[in-house]
Structure formats: structure tokens, C-alpha cells
Amino acid sequence: MEKKLLFANIDDPKQPEIDTYISKGGYESFKKVIKEMKPEEVIEEVKKSGIRGRGGAGFPAGMKWSFVPKDSPKPKYLVCNGDESEPGTCKDRVLMEHDPHLVVEGMAIASYAIGAGHAFIYIRGEFDYPASQMRKAIDQAYQKGFLGKNIQGSGYDLEMIVHTGGGAYICGEETALLNSLEGKPGQTRIRPPFPAVEGLYACPTVVNNVETLSNMSLIIKNGGEWYSKIGTEKSTGTRIFCLSGHVKNPGNYELELGTPMSYLINDLGGGIVDGKKLKAIIPGGSSTPILTPDKIDTKLDFESVVEAGSMLGSGGVIVMHEDTDMVWVAKVLAHFYMHESCGECTPCRQGTKWLHDTITRIYNGHGKMEDIDILLDLCDNIEGKTICPLGDAAVIPIRSTINLFRNEYEHYINHKKPLVENKFMSFVNG
Ligand SMILES: Cc1cc2nc3c(=O)[nH]c(=O)nc-3n(C[C@H](O)[C@H](O)[C@H](O)COP(=O)(O)O)c2cc1C
Ligand code: SF4
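Residues numbered from 1 in each chain as written. Chains lettered and ligands numbered in written order. Predicted model: local features only at pLDDT ≥ 70, side-chain atom pairs only at ≥ 80, totals over all residues. Heavy atoms only, no water.

### Examining the sheet that holds strand 5 (residues 238-245)
Piece 1. One open sheet accounts for four strands, arranged 6-5-10-8; its pairing is mixed. Each having just a single partner strand, strand 6 (251-256) and strand 8 (278-282) make up the two edges of the open sheet. In this sheet, neighbouring strand axes are inclined to one another by 30° on average, regardless of whether the strands run parallel or antiparallel.
Piece 2. Here strand 5 runs beside strand 10 (residues 316-321); their pairing, made up of four bridges, is parallel. Looking at strand 10, one finds that Leu243 is bridged to Val317. (Pairing = 2+ DSSP bridges. Helix = DSSP H or I, 4+ residues; strand = E, 2+ residues; numbered from the N terminus. Axes fitted to C-alpha atoms, helices over the stretch in contact; angles between N-to-C directions.)

See below:
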């Protein structure tokens, strides 16, 4: 079922104004934590909620916060990841645009919990409007005394800064994001050390996704236990799913975790356009393996989607119908990952280009049957051999399309043309 917690006020045009936000109980949770709770108690409450990160990997937020060393003499930082770079994903921008104080309050609560005096929100360069909404909200929060020195007389100081990036996919990866925030090229860092111990300016840092942090005000207001009862036992709460592709009603939908994917696609999404048959679903942004129509009843929670052979990832559900040329899909995604590789490790830098060139050769009608095995061999030589998961992500669409739709590759090689008529964004020549 649709369950609007984060989206409760998303349609109110006045919601971005701080007075509207406050009139609906906004900033009460932040006031509660700074006046009545110790940082450890806030972390405990978030742990109790069971909330897992909404940025992709699904790591428990409370546990991540507890990794920040309490006795470190260094300053601590909170970084909100608003890079939103995963193809198929467009939820964080909606929160930043339409309920920016929910994000600011979540960031403030998290900052207090980990003992940070500075919080940054890193927003992708193309997101002019979300960035301006966040800047406006932060200014208003300073004016009302929710940011700055001695907040609400509590003795707690917090500065909040908006930082826009250049729009590189890799800058969504937390260590590349931190490098970019420091003014360096957006390339990844080898872990360990993890950011919680050595992050921004080599100081303890927590990086959390916009949606993850937007839940904090609700968790504090209603209690971790309340939150843990929503969703499933191990995937608590709601998630915003970004439904795109060949559905009648694409859009962002907030659902209780554990809701069947068929409900999202057929009931909310209105089913497949033009009465066509469903062919393939990417359930969690382009970095997650493709699922076939027999998996449409898979429950949208972290465990069930893994059991079905994919991942919940960033919540970007991409639907493709029977006219979709899967070799073309692989080519477009291969181009994306080749273009976005930061170039730091050889298997990713060279391998993504080889993947792209080999698929393009097949697509252009010059492929040989052994190219399919060459592609799989390339995948083996990239996966697990790179610094960050972008290399693995690049392999996923290629392996998926070969494993599930090998006949389409073979048809291209034998007949120099696609097996299916490609009407899926055929204007894009990736
Ligand atoms: C290539 C790549 C791109 C990523 N892009 C994003 C992104 O745009 N937004 C995001 O929140 N996390 C992104 N992540 C995940 C982050 O590294 C990090 O795990 C996340 O921000 C942590 O927040 P969470 O614990 O709240 O999920 C990306 C990871 C990789 C490997
Ligand atoms: S896997 Fe790719 S994107 Fe990630 S660090 Fe290596 S070269 Fe950069």
C-alpha cells in the first residue's frame, strides 16, 4: 500500500516555508534531541527503528552512526548525499525541492547524534532548483535559531553548508564525494579506513542519503519501536520507489517495504503501456540485475529482492515491455558506465571501454558468436577487481542481458539486426 510518511506534505506548495513546516510540528524532534536526549540515546532510538540506508547498500543507519569514535579529538562531520546519480532514481530531488526542512531537520538530528559541528549537503551540479530550495531552507533555519551557535539555548552549535558537485556519477560514491567536497578530483578512496573513522579532511564522518536522513524527524517523534513495526522485520519503514519506463503512470511512490512489485507496477503504475507484455524489470537503479516477469510478485524489501536474484539498490524501478531490444539496453548502459568510470583502476577504466566497444560491434552487425563469451570473460575480469562498486555495476547489465536474453545477441550476430523492434527511447544513440 502507498504509505505517505516522507511524502505526507509533498503536495502542499507552502511546505518549503519554515512557518508551514513548524506549524505542522516541524523541528520539534530536533528540539527534543538537543534539549532532552543524549547523543547515545538518539543513536539507540535510530538503531531500534531498524532503518537501513536508502542510498543503495542498505547499511543500518544507527550502526553506522555508532562507528564514529566518541573519544576522537578531531572534529566530526555529517555529510548528506544528495548527488542522486543512479540512473532511474529521482526521489531525493523531490524531497529537497518540496520538503527541504525535513532534510535539514534530519541532518541536524544526525549531526547532534554523532557530535558533528558542521553538516554538508552535497548536491549534484545539475540540481539547481533542489540546491536553491535547500539553501533557502537552511537560511530560514538559521533565522529561526535552529542552526548556528547555542541552538535554542541548548549549548549545541551546528553550521550547515550546501555544496554542489559537477554532476559526475562517481561523486555519489561516498569516498569520491568526500574528495570532491575537499576540492579534489572526484575519485574514490581505498577502504579501510572507512569514513566513520577517517572521512572528510581525515576526520570522522558519516555519509547518509537524503531519504535516509529525512526519516529521522519521524523516528524521533514517534519512537524507533513505532518505525520498526512498519515494513518487514528486517526491512523497516517505507521507501520511495521511482517508477519509470513502459508504465502508464510513471512517478515516485512511497510504499511500505514488503509491498509486492506488482502493486507498484500494475495498481499504481497503471500497468504496461499500449497493452504490451512486460519483458524485464530493473528493480533498484541500473546497477541492479534485471528481473523477468515471473518475478513481478516479488516483495519490495531488501531480502526478498535479493532472493529473487537482484537488489533493492536505490529504489529506481525501470520497466521494459516486449518491444525492448535488450542488446540496445546493454549498449546504452555500457556507454554510461564507460563514460562515468573515474579511471582510477585499470579493470574498470579499460574493461568498461572493451564492454562498450564489443557490444557496439555486435549492435552494428559486425559481431562474431565468440564475442558473447568475450563479454562474459570481460565481466569476470572486472567484477570484484576494482576499488569501488562501479566496476561491478558496469558488469551487471551485460551479464543480466546475456544470461536472460542470449538469443537476442545471437540474432544480431546471425542476422545483423535486432530480434525485436526497439521502440524504447530509440532516439537515444548511446
Ligand atoms: C558509483 C556509486 C554511486 C553512488 N551514488 C549514490 C548517490 O547518488 N546517492 C547516494 O545516496 N548514495 C550513492 N551511492 C552510495 C554511497 O556510496 C553511500 O553508500 C550512501 O550515500 C550512504 O548512505 P546511506 O547509508 O544512507 O544509504 C553510490 C555508490 C556508488 C558505488
Ligand atoms: S571501479 Fe571504476 S569508478 Fe570505481 S574507483 Fe575504479 S575506476 Fe573508479
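There is more to say after this.
### A few points about the site of ligand 2
Piece 1. In the vicinity of ligand 2 there are 13 residues, among which Thr188, Cys342, Cys345, Cys348 and Cys388 approach most closely.
Piece 2. Residue classes in the shell around ligand 2 are distributed as seven nonpolar, five polar and one charged. (Near = heavy atom within 4 Å. Nonpolar A, V, L, I, M, F, W, Y, C, P; charged D, E, K, R; others polar.)

### Some thoughts on the site of ligand 1
Piece 1. Close contacts around ligand 1 come from 17 residues, with Gly55, Lys64, Ser85, Asn209 and Thr212 the closest.
Piece 2. Within the side chain of Asn208, one N or O atom sits 2.9 Å away from an oxygen atom of ligand 1.
Piece 3. Here Thr212 contributes a side-chain N or O atom positioned 2.7 Å from an oxygen atom of ligand 1.
Piece 4. In isolation ligand 1 exposes 610 Å². Once the protein is present, 89% of that is buried. (Polar contact = N/O pair within 3.5 Å; in protein donor to acceptor, adjacent residues only side chain to side chain. Areas by Shrake-Rupley, 256 points an atom, 1.4 Å probe, with all protein chains shown as cover.)

### Things to note about the sheet that holds strand 2 (residues 118-123)
Piece 1. Spatially, four strands are ordered 3-2-1-4 in an open sheet, and the strand pairing comes out parallel. Every interior strand has two partners, whereas the edge strands, strand 3 (159-164) and strand 4 (205-209), have only one. Taking the axes of each pair of neighbouring strands and ignoring which way they run, one obtains an average angle of 20° across the sheet.
Piece 2. Both strand 2 and strand 3 contribute to a ladder of six bridges, which runs parallel. Counterpart to Ile123 in the pairing with strand 3 is Thr164.
Piece 3. Relative to strand 3, helix 7 (residues 128-143) is tilted by about 170°, and along the sheet it contacts strand 2 and strand 3. (Contact = heavy atoms within 4.5 Å.)

### Remarks on the pattern of salt bridges
Should their charged atoms come close, side chains of opposite charge can pair.
Piece 1. Scanning the entire structure with this criterion turns up 24 salt bridges.
Piece 2. Across the salt bridge formed by Lys91 and Glu211, the nearest N and O atoms sit 3.0 Å from each other. In this pair, Lys91 is assigned in the loop between strand 1 (77-82) and helix 5 (92-98) and Glu211 in helix 9 (residues 210-214), connecting sequence segments 120 residues apart.
Piece 3. A salt bridge links Arg406 to Glu410; its shortest N-O distance comes to 3.5 Å. Placement of both Arg406 and Glu410 in helix 17 (residues 390-415) is noted, with a separation of four residues, approximately one turn of the helix.
Piece 4. Several salt bridges share partner residues, and in doing so they unite Lys91, Asp92 and Glu211 into one network. (Salt bridge = Lys/Arg side-chain N within 4 Å of Asp/Glu carboxyl O.)

### Regarding the packing of aromatic side chains
Piece 1. A full pass over the atoms with the stated rule returns eleven aromatic pairs.
Piece 2. Taking the centre distance of 6.0 Å and the plane angle of 45° together, the rings of Phe59 and Phe67 count as tilted.
Piece 3. Residue classification places Phe59 among the partly exposed positions, given a relative accessible area of 35%.
Piece 4. Using a relative accessible area of 43% as the deciding quantity, one classes Phe67 as partly exposed.
Piece 5. Each ring, one from Tyr169 and one from Tyr337, has its centre 6.0 Å from the other, and the planes form 70°; the classification is edge-to-face. In this pair, Tyr169 sits in the loop between strand 3 and helix 8 (174-181) while Tyr337 sits in helix 14 (residues 326-340), placing the two residues 168 residues apart along the sequence.
Piece 6. Relative accessible area serves as the criterion here: at 0%, Tyr337 is assigned to the buried category.
Piece 7. Each residue in the set Tyr21, Tyr27 and Phe146 is aromatic and connected to the rest through ring pairs, giving one cluster. (Phe/Tyr/Trp six-rings, centres within 6.5 Å; stacked < 30°, edge-to-face > 60°. Buried < 20%, exposed > 50% of the residue type's maximum accessible area, 1.4 Å probe, protein only.)

### Describing the side chain of Ser111
Piece 1. By the element assignment, Ser111 lies in helix 6 (residues 100-114).
Piece 2. Residues in contact with Ser111, not counting those within four places in the same chain, are Leu78, Ala116, Ala119, Tyr156 and Leu158.

### Brief notes about helix 16 (residues 370-382)
Piece 1. The terminal C-alpha atoms of helix 16, which comprises 13 residues, lie 19 Å apart, in line with the 18 Å expected from a rise of 1.5 Å per residue.
Piece 2. Taken together, the buried positions of helix 16 are occupied by Asp371, Ile372, Leu375, Leu376, Leu378, Cys379 and Ile382. Each buried residue of helix 16 lies within a common arc of 155° when the element is viewed along its axis, so the set occupies one face.
Piece 3. Tucked inside the fold, the buried residues of helix 16 contact helix 15 (346-363) and helix 17.
Piece 4. Phi turns positive, to about 75°, at Gly384, one or two residues after helix 16. (Expected span 1.5 Å × (residues − 1). Arc of directions from axis to C-beta.)

### A word on the environment of Met369
Piece 1. Its location among the elements puts Met369 in the loop between helix 15 and helix 16.
Piece 2. For the pair Met369 and Tyr412, spaced 43 residues apart in sequence, the C-alpha separation works out to 9.7 Å.
Piece 3. Excluding anything up to four places from it in sequence, Met369 contacts Glu410, Ile413 and Asn414.

### A closer look at the confidence of the model for the protein
Piece 1. Model confidence for the protein is summarised by a mean pLDDT of 96, while 98% of its residues fall at 70 or above.
Piece 2. Ignoring residues within four places in sequence, the model shows residues 426-430, a span with pLDDT below 50, making six contacts including any to other chains. (pLDDT = per-residue confidence, 0-100.)

### Concerning a nonpolar patch on the surface
Piece 1. There is a patch of nonpolar side chains on the surface, built from Phe59, Met63 and Phe67 and spanning about 270 Å² of accessible area.
Piece 2. Note on placement: Met63 falls in helix 4 (residues 61-66).
Piece 3. Among the residues examined, Met63 registers a relative accessible area of 37% and is labelled partly exposed. (Patch = residues over 30% accessible without salt bridge, like charges linked within 9 Å, V, L, I, M, F, W, Y side chains within 5 Å.)

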